[in-house]
Amino acid sequence: MFVEVVQNNGNYYIRLVQSVRGTNSKGQSVSRKKVIKNVGPLARYDDGQPDYVKRLKESFKNGSPLIEELKPFCEDTDKSETYHIAIRENTSDCIGHPKLYCHLFLERILEEIGMRNFFSSYKGRTKIEYDVYGFAKLLIFGRILNPASKCATVRQNDDYYSPILKDFNPDNVYDTLDFIAENRERIFKRINTKLQKKMNRKSDIIFYDVTNFYYETEDPDDDIVDEEGNITEKGIRKMGVSKENRKQPIVQMGLFMDNSGIPIAIESFPGNTLDHLTVKPAMNKHISNLDLSRFIMIADRGICNYKTVAELLSSGNGYIMSKSLLKSKKQERQWAYDDEGYIHVSKDFKYKSRIIKHSITSESGKPYTVEEKVVVYWSRKFYERCLYENKSFLELLDKIQEAPHAFRISSTQSKPLRRFFKKEYLNKDTGEVINSSDLKLFIDYDEVNKYKESMGYYQIITSELDMDDQEIIEKYHGLTQIEEQFKTMKSALETRPLYVRTKDHIDAHLTICFIALVVLRIIQTRLMDSGVISSKEDTYWGYGMSAERIQTALGKWKVDTLPDELYRFTDIDDPDLSLIFKAFGITIPLKLYRSSELKQLKTDIDVFK
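Residues numbered from 1 in each chain as written. Predicted model: local features only at pLDDT ≥ 70, side-chain atom pairs only at ≥ 80, totals over all residues. Heavy atoms only, no water.

A. A look at the side chain of S463. Looking at the element boundaries, S463 is found in the loop between β15 (457-462) and α15 (469-477). Among the residues examined, S463 registers a relative accessible area of 15% and is labelled buried. Within the structure, the side chain of S463 is placed 2.6 Å from the side chain of E464, a separation counted as a polar contact. Apart from residues no more than four positions distant in its own chain, S463 is found in contact with R294, L313, G318 and Y319. (Helix = DSSP H or I, 4+ residues; strand = E, 2+ residues; numbered from the N terminus. Buried < 20%, exposed > 50% of the residue type's maximum accessible area, 1.4 Å probe, protein only. Polar contact = N/O pair within 3.5 Å; in protein donor to acceptor, adjacent residues only side chain to side chain. Contact = heavy atoms within 4.5 Å.)

Shown next, in the form of structure tokens:
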């Protein structure tokens with residue numbers, strides 16, 4: 001017996017029911033519900049505290065129901081049921097076929113961030129006849145649990161306890177990509193609206209960074225030109241500066257993220273687009289449509305462009321960005337390296353700041369006078385990391401300086417040296433061959449010393465004149481979270497290499513990865529907020545449990561079919577899976593289940609508390 005709540009004429013009623021077995025008109029054994037007692041309206045008993053129905057059900061299972069009149073029915077609740085299962089040799093019952101059950105958990109998260117209603121409503125307004133939400137779920141679940149090609153992901157349909165698609169045409173997966181590409185801005189907006197409501201998402205701080213993904217092809221896309229040779233459409237797969245030093249064509253992707261590390265929106269660009277040129281179009285396309293109040297954008301030095309600053313300020317927003325000391329003016333570097341004015345927090349960390357004014361020009365040519373705070377800090381930890389990362393390179397420079405005649409520089413070795421070459425000694429017109437003993441003349445050791453002097457120092461510029469210096473530094477360091485998002489996309493979600501080719505399908509693929517990333521971050525956030533796990537238990541800063549661990553744990557959450565239409569969960573005692581259950585308040589009693597009970601488990605999952 002178990003308690004359930006049913007709706008009748010707009011009102012909710014509590015009743016006690018029991019699952020019984022019977023035979024239908026075809027002679028088949030079926031399960032049905034038998035009403036044992038109609039308790040009464042839910043409003044009569046609800047105590048006004050959170051999760052009353054859930055607490056009522058659990059109290060009945062435990063033999064101490066919240067409703068007094070249910071106590072007589074609890075006399076047998078502490079008695080364990082004995083299962084009698086007959087399995088005959090040489091029959092299919094001897095073969096186990098565990099199916100994934102975790103997709104029902106993931107589906108609840110998608111429902112809570114508005115995806116079910118979104119896809120259903122848009123399908124209703126169009127002539128779409130296929131199950132567009134079913135295909136979308138398959139693509140999202142597959143990306144989280146078992147990343148594969150689009151066709152292979154569709155073939156995973158039968159891997160789930162309750163197949164997501166029925167009587168479908170596999171080719172509709174590409175129609176689904178078209179639908180997602182066409183509606184991705186609406187998808188971002190819907191998710192943002194739900195997270196603002198259910199997770200109290202704060203958007204006063206927005207992080208932005210750029211990464212890229214490569215293709216398993218050698219041929220970049222050509223631009224489409226008109227009869228006069230003007231570019232009408234740029235190719236998306238282009239040769240560019242790969243973050244992974246690959247020689248294949250790439251696509252650039254800009255990602256916006258909130259202060260909790262949950263993505264807000266993404267945008268794709270041709271692979272040869274410079275990082276700072278991605279900000280304005282991405283911001284205008286996605287962030288401007290979200291009706292946000294004033295926000296502070298945080299980005300790294302690759303995004304630091306005063307046209308971007310002008311765009312942010314003209315919209316009433318702010319910025320915190322890093323700026324290269326090596327590319328700063330000489331007097332700016334001298335001020336940064338001068339120990340005067342520094343606040344020494346310890347022997348390993350010091351900082352100082354000043355407010356300056358300077359003129360900038362917006363993209364439209366409008367002049368701006370900007371008043372900004374410049375914060376510079378020196379960290380021993382940062383210094384030692386720079387020293388470690390450049391150890392072999394600096395040792396090479398020292399050896400060249402000591403005995404230049406003894407070295408022959410390979411093309412690989414020369415690459416990091418190029419910024420220190422005195423190019424004025426190279427005579428390109430005559431092609432003069434310089435003796436290797438004169439190699440020392442090619443190295444500009446003033447530049448080398450300037451580079452060494454900058455090690456350990458970091459410079460940040462901001463519009464927030466009244467913000468405390470250490471708070472500025474701390475908020476900027478939050479940008480490291482976005483790097484973790486990129487790592488998750490490139491590892492657990494296997495976003496690259498990309499195989500889809502058209503711009504729409506690329507955008508759809510990245511949107512699917514975006515939704516999958518949001519789902520994973522919701523799980524990670526709940527793990528942290530619930531207190532069942534701390535960041536110290538994992539090497540992934542601030543996330544408690546890595547995406548890979550979550551991926552592995554959810555993959556173990558399966559159910560196996562037994563004779564007499566009974567089901568058994570497998571591996572629900574896995575340590576990581578148990579932590580997820582605890583964080584979400586999921587209780588799975590140790591018993592065999594019937595189909596109706598399995599479905600009830602999904603409805604009891606509370607994604608947001």
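B. Summary view of the packing of helix α8 (residues 279-287) against helix α9 (residues 306-314). Closest axis-to-axis distance for the α8/α9 pair is 10 Å, and the angle between their directions is 25°. It follows that α8 is roughly parallel to α9 by the angle criterion. Note on element contacts: α9 touches α8 through T308, E311 and L312, opposite V279, K280, M283 and N284. The class makeup of the residues in the contact of α8 with α9 is three nonpolar, two polar and two charged. (Axes fitted to C-alpha atoms, helices over the stretch in contact; angles between N-to-C directions. Parallel < 35°, antiparallel > 145°, perpendicular 65-115°, else oblique. Nonpolar A, V, L, I, M, F, W, Y, C, P; charged D, E, K, R; others polar.)

C. Fine view of the sheet that holds β15. Taken in spatial order, the nine strands line up as β9-β8-β5-β10-β11-β15-β14-β13-β12 in an open sheet, and their pairing is mixed. Every other strand in the sheet has two partners, leaving β9 (263-270) and β12 (343-346) as the edge strands with one partner each. When the angles between neighbouring strand axes are averaged without regard to direction, this sheet yields 25°. One ladder, built from six bridges, connects strand β14 (residues 367-379) with β15; its direction is antiparallel. The residue of β15 that forms the bridge with W378 is Y457. Against the sheet, α9 contacts β10 (296-299), β11 (318-322), β13 (349-361), β14 and β15, and its axis sits at roughly 160° relative to β11. (Pairing = 2+ DSSP bridges.)

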